Amino acid sequence: MTVSIVPFRPDHVAAWAALNEAWLAEGGFAIEAKDRKVIYDPQGVILDAGGRIFMAEREGEAIGCCALMAMDDGGYEVAKMTVSPAARGLGLGRRLLEACEAAARAAGAPRLYLETSSTLEPAGALYRSFGFVDLPPRPSPYVRADVWMEKPLG
């Protein structure tokens, strides 16, 4: 069974929303104002603003996703990365991050940035193993965010 990492298409809209609603619920997190914008208007909030979304597909089913949101400094925020529970352990999180990094490098981005929660320990471990380093705390639109990280690309 092969899994492909593919660019977001309009037919991914429902899967994008379902995957993100699921990880938020699984983590015990509320869907916050910024979540609603990003989850329910990926075209307007992410793609039309210069970002990218990648989906992991297995036999035509979307089983994971990750977004790159354009930042004012030319970097990209890695956002809304998740893999469905049944597909975890297959290295898909790393493959999604690799697709994001390749796209960011191709765009000449100086860095990748992300915000996460310390309660999402496997995600934090993946990010650190992928070269992200912790940053000091900063303001965030997310109540759950208590970890800030970046990966310089220069």
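Scroll up a little and you will see the structure.
Since the model is a prediction, treat every value here as computed from it, not as a measurement.

Trainee: It is not clear to me how the overall build of the protein should be interpreted in this structure. Could you clarify?
Mentor: In terms of regular secondary structure, the protein is built from five helices and seven strands. Ordered by position from N to C terminus, the α and β elements of the protein give β-α-α-α-β-β-β-α-β-α-β-β. Over its C-alpha trace the protein gives a radius of gyration of 14 Å, about what one expects of a compact globule, namely 15 Å for 154 residues. Along the three orthogonal principal directions, the C-alpha set of the protein runs to about 40 × 35 × 30 Å. Classification of the 154 residues of the protein by burial places 49% in the buried group. Counted over contacts in the protein with a minimum sequence separation of 6, partners at least 24 positions apart contribute 62%. Put simply, the protein shows about 7,400 Å² of open surface, and 56% of that area lies on carbon and sulfur atoms.

Trainee: Explain the layout of surface pockets to me, please; I cannot follow it from the model alone.
Mentor: The probe, sized like a water molecule, is rolled over the atoms to show the empty space still left. Volume-wise, the largest pocket comes out at about 730 Å³. Taken together, 32 residues line the largest pocket, and the ones lying closest to its centre are Met-81, Thr-82, Val-83, Ala-123 and Tyr-127. Counting residues per element, the ones that place at least two in the lining of the largest pocket are α1 (13-26), β4 (76-83), α4 (92-106), β5 (111-116) and α5 (121-129). Element by element, the count of residues in the lining of the largest pocket is highest for β4, at seven residues. The residue makeup of the lining of the largest pocket, split by class, is 16 nonpolar, eight polar and eight charged.

So, how was this worked out
- Residues numbered from 1 in each chain as written.
- Predicted model: local features only at pLDDT ≥ 70, side-chain atom pairs only at ≥ 80, totals over all residues.
- Heavy atoms only, no water.
- Helix = DSSP H or I, 4+ residues; strand = E, 2+ residues; numbered from the N terminus.
- Rg over C-alpha atoms; globule rule 2.2 N^0.38 Å.
- Buried < 20%, exposed > 50% of the residue type's maximum accessible area, 1.4 Å probe, protein only.
- Contact = heavy atoms within 4.5 Å.
- Areas by Shrake-Rupley, 256 points an atom, 1.4 Å probe, with all protein chains shown as cover.
- 1 Å grid on protein atoms, 1.4 Å probe; cavity = no way out; pocket = protein on both sides within 12 Å on 5 of 7 lines; lining within 4 Å.
- Points joined across faces, edges and corners; volume = space filled by probe spheres on them.
- Nonpolar A, V, L, I, M, F, W, Y, C, P; charged D, E, K, R; others polar.

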